[in-house]
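# Fold and contact review
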Amino acid sequence: MTPPRERRRRGTDGSPAAPRLDLPRRGSVRRAQMITTYGVGSLIAVDNESFIVSGIDKAHHSWQLDEAPIIHEHRLARALEVRHFRLPPASGDGSKDGVRVRRFPLWHSCPQCKSLQHVRDFNPPPGKNVCTTCDEEPLVPSRFVVACEDGHLDDFPYWKWLHRGNREEGATGRCGGRMSLRFSGRSASLRSIVVSCTCGVPEVSMEGAFRRSALAELKVRCEGRRPWLEGAPVELCPKSPRTLQRGSSAVWQPVLRSALSIPPWSDGLADKLTKHWENLRGYSSRLEIEIYLKGAFPGDHSVSVDAVMGLLAAEQEEDPTPDGVVTDSHQRLRRQEYEQLSAGNALRDKGREEQFVCEPPVSDVSALSSFGVERTMLVKRLREVRALKAFTRLADPETSSEKYEADLSLTPTDWLPAMEVHGEGVFVRLDEERLADWAELDAVARRVKRMRDNHDRLLRERATGPAEVPASPATPRMVLLHTLAHVLINEWSLEAGYPAGALRERLYADPRMAGFLVYTATSDSAGSLGGVVAQGEPARLAVALQSALQRAHWCSADPLCIESRSSGAGGANLAACHACAMLPETSCEYNNILLDRALLIGTPEDPGIGFFSPPRS
């Protein structure tokens, strides 16, 4: 990661300009973190300094991509309206490659002289962030920033906060005094953080700064700043900003989209055609396509006319959707994956470049029939691409609309940052007829309705407005599949030696899907060694399911857990806690909510509501 050097060259907002390529590095992060934790627009602490990751604008060379490989995933690229994806740079200390960052926040304090001011007013020497009047004492970046739901970010308005009763002095802090920041030491609360000024205004603490209306009451409006985009004009924003801790998760939340590479896009041919799609789509006859391919790929017999026509036909096919139901791009991607996982590609010619190998087990599957498992598939090879589409501030990316998503660049780009992971997995599909009969039970419907009502309330609280409240996905089918995937992952982490954090779930739970994929998708040693596929053999899977369900009958928090009427965030869980059904956050698609193990094994009062409970006599 390439940080800025404090040159006299300044940005349009008075901040230090983005770093040049000849500057030394200050820190590094893993590639995956550039997508999930420290992506564009996020704040990153390096030693005692703080920076914001720059956007991907090509014009400003914010990301140096000489060593950043291009990756392709045709389905996901079409859904996100880009041509391809790029891995974040991962180069050595001697390389000029990297991701540029800019110093933020710009307001700092000196722990020795207590001075609180813009970093430029400390007049630090190039490459350092120190107070020149205190024998180069390292400066401390402001702990507080302000952000709005439209994604804007700015420094905390210390002058306005302190001079709230003297607004006639102006809004820029020109009172003739110098501000200071000190800690009273009386407690660890905000009351102990005291701001004062030599102009004589009474000192104030930071207590109350985090109230939702704190800045609005001072008539502080969002300035529309986007410090991660160099040269970005100030936007007119009607929102009232809110105070946040610099390290708060609400400052930056990624909007991620992912897809599995599935046939016919998984054999490498689509990657070769990336630059030619627009031209190929303009041809309708086989002869036209054949002539074009001979000119574009002279002597390359791996690009056959039939294969290319098959890809064009697959692209033009309408995505299967339920009658009367309009699905978004995310749902369409999942439905395509579900159908491919169910069908497999055992008859497909799987060469070395094939990135999806899914086959049914060769052994007898009758051992799984008593569990209501209709089909299990062994995914011996898979590839997942996870792309950073945008990010949000304050607004929950799962509950807010696209208008609250902040852009990664000032000008449109034809690529997005992404990472690809390779692994293996086991796909489990339940008997839909048995599942439908079970979901109609009144007791089951009542339990799920209670969860859905609690989740709907949580979504309303997190939404930015009444019109932005999405519908809860909680249905008996979804909660059952979700909980079953969790207990199976926990079982494999105990019996098969996999850390739970190395396994992930991928749910397929709309009205026409009833399955889940448990897979490894990690770059470390727990990735693709055949261990997960071995767990999918019917005899071994039956034993794992039996053991997982037996464990689900008892939790160390019982009877409180099994009798709970609400648990988890917003009460969106019922019988589920960290002792029985929850997973590491990286393994779960729904942040450990919408779980209820009672739907698996029933309750002491009503054991019949469990999908895996013995049939009622």
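A few points on the structure. This structure is a prediction, so every number in the text was calculated from the model and none was measured.

## Some details on the overall build of the protein chain
- Check the secondary structure of the protein chain and you find 15 helices and 24 strands.
- By the burial criterion, 53% of the 617 residues in the protein chain qualify as buried.

## Looking at the environment of glutamate 537
- Structurally, the position occupied by glutamate 537 is in the loop between helix H13 (531–535) and helix H14 (538–552).
- In sequence terms glutamate 537 and methionine 377 are 160 residues apart; their C-alpha atoms lie 8.7 Å from each other.
- Beyond its immediate chain neighbours, meaning those up to four positions away, glutamate 537 contacts Pro361, Ser363 and Leu378.

## Here's the deal with the environment of alanine 581
- Note on placement: alanine 581 falls in the loop between H14 and helix H15 (598–601).
- Residue classification places alanine 581 among the buried residues on the basis of a relative accessible area of 1%.
- C-alpha separation for the pair alanine 581 and leucine 488, spaced 93 residues apart in sequence, amounts to 9.4 Å.
- If we skip the residues at most four places from it in the chain, alanine 581 touches His486, Asn490, Ala576 and Leu595.

## Quick look at the nonpolar core
- Core analysis: the largest hydrophobic core is formed by 112 residues, its most contacted members being Phe85, Trp492, Phe516 and Leu517.
- With residues up to four places along the chain from it excluded, the contact list for phenylalanine 85 reads Pro69, Ile70, Ile71, Glu73, Leu76, Ala77, Leu80, Val385, Ala387, Leu416 and Ala418.
- Trp161, Val195, Met206 and Ala214 belong to the second-largest nonpolar core, a separate cluster that totals 22 residues.

## Digging into the sheet that holds strand S9 (residues 116–118)
- Taking strand neighbours across the sheet as the criterion, the three strands line up as S9-S8-S12 in an open arrangement whose pairing is antiparallel. Every other strand in the sheet has two partners, leaving S9 and strand S12 (140–141) as the edge strands with one partner each.
- Examined bridge by bridge, strand S8 (residues 107–109) and S9 share three bridges and lie antiparallel to one another. Its bridge partner being in S9, serine 109 is matched across the sheet by leucine 116.

## A closer look at the pairing of strand S1 (residues 43–46)
- When S1 meets strand S2 (residues 49–53), the two strands line up antiparallel, connected through four bridges. Note on S2: the bridge partner recorded for leucine 43 is isoleucine 52.
- Count of turn residues in the S1/S2 antiparallel hairpin: two residues, of which aspartate 47 carries a positive phi of about 55°.

## A few points about helix H8 (residues 305–316)
- The terminal C-alpha atoms of H8, which comprises 12 residues, lie 17 Å apart, in line with the 16 Å expected from a rise of 1.5 Å per residue.
- Along H8, the positions that sit buried rather than exposed are Val305, Val308, Leu311, Leu312 and Glu315. Buried residues along H8 cover an arc of 130° about the axis, so they all sit on one side.
- Where H8 is buried, its residues contact helix H2 (74–80), helix H5 (269–272), helix H6 (277–280) and helix H7 (286–296).

## Some words on the pattern of salt bridges
- Under the criterion given, the structure shown has 30 salt bridges.
- In this structure, arginine 281 engages glutamate 278 in a salt bridge whose closest nitrogen and oxygen atoms are separated by 2.8 Å.
- What makes arginine 281 partly exposed here is its relative accessible area of 30%.
- Its salt-bridge partner being glutamate 495, residue arginine 551 comes within 2.7 Å of it at the nearest N-O pair. Of the two residues, arginine 551 sits in helix H14 while glutamate 495 sits in helix H12 (residues 476–495), which places them 56 residues apart along the sequence.
- Through salt bridges with shared partners, a single ionic network connects Glu73, Arg75, Glu337, Arg383, Glu384, Arg386, Glu420 and Arg506.

## Considering unusual backbone geometry
- Put simply, proline 263 and proline 264 share a cis peptide bond, and its omega is 5°.
- Relative to the assigned elements, proline 264 resides in the loop between strand S19 (253–260) and H5.
- The peptide bond linking aspartate 558 to proline 559 adopts the cis configuration, its omega dihedral lying at 5°.
- Tracing the chain through its elements places proline 559 in the loop between H14 and H15.
- Non-glycine residue glutamate 81 carries a positive phi angle of around 60°.
- With respect to the helices and strands, glutamate 81 occurs in the loop between H2 and strand S5 (84–86).
- A positive phi is found at asparagine 123, a non-glycine position, where the angle reads about 50°.

## So, the sheet that holds strand S15 (residues 179–183)
- Strand order in the open sheet formed by three strands is S15-S16-S17, with antiparallel pairing between adjacent strands. Strand pairing shows two members of the sheet lacking a second neighbour, S15 and strand S17 (204–205), which therefore form its edges.
- Where S15 lies against strand S16 (residues 193–197), five bridges are found, and the strand directions are antiparallel. Considered in S16, the bridge of serine 180 is made with serine 196.

## Some points on the side chain of aspartate 510
- Mapped onto the elements of the fold, aspartate 510 is located in the loop between strand S23 (503–508) and strand S24 (515–521).
- The class of aspartate 510 is buried, set by a relative accessible area of 16%.
- A polar atom in the side chain of aspartate 510 sits 2.8 Å from the backbone nitrogen of arginine 512.
- Sequence-distant contacts of aspartate 510, that is, excluding residues within four places in its chain, are made with Arg335 and Arg477.

## Considering the packing of helix H10 (residues 432–439) against H12
- Where H10 contacts H12, the two axes come as close as 10 Å, and the packing angle between them is 115°. Taken as a pair, H10 and H12 cross one another with a handedness that is right-handed. Between H10, through Glu432, Leu435, Trp438 and Ala439, and H12, the contact on the second element is made entirely by Pro476, Arg477 and Leu480.
- Taken together, the residues that form the contact of H10 with H12 break down as five nonpolar, no polar and two charged.

What counts as what
Residues numbered from 1 in each chain as written. Predicted model: local features only at pLDDT ≥ 70, side-chain atom pairs only at ≥ 80, totals over all residues. Heavy atoms only, no water. Helix = DSSP H or I, 4+ residues; strand = E, 2+ residues; numbered from the N terminus. Buried < 20%, exposed > 50% of the residue type's maximum accessible area, 1.4 Å probe, protein only. Contact = heavy atoms within 4.5 Å. Core = buried A, V, L, I, M, F, W, Y, C linked by side-chain atoms within 4.5 Å. Pairing = 2+ DSSP bridges. Expected span 1.5 Å × (residues − 1). Arc of directions from axis to C-beta. Salt bridge = Lys/Arg side-chain N within 4 Å of Asp/Glu carboxyl O. Polar contact = N/O pair within 3.5 Å; in protein donor to acceptor, adjacent residues only side chain to side chain. Axes fitted to C-alpha atoms, helices over the stretch in contact; angles between N-to-C directions. Left-handed = near helix turned anticlockwise from the far one by under 90°. Nonpolar A, V, L, I, M, F, W, Y, C, P; charged D, E, K, R; others polar.

That is the geometry; function is a separate question.
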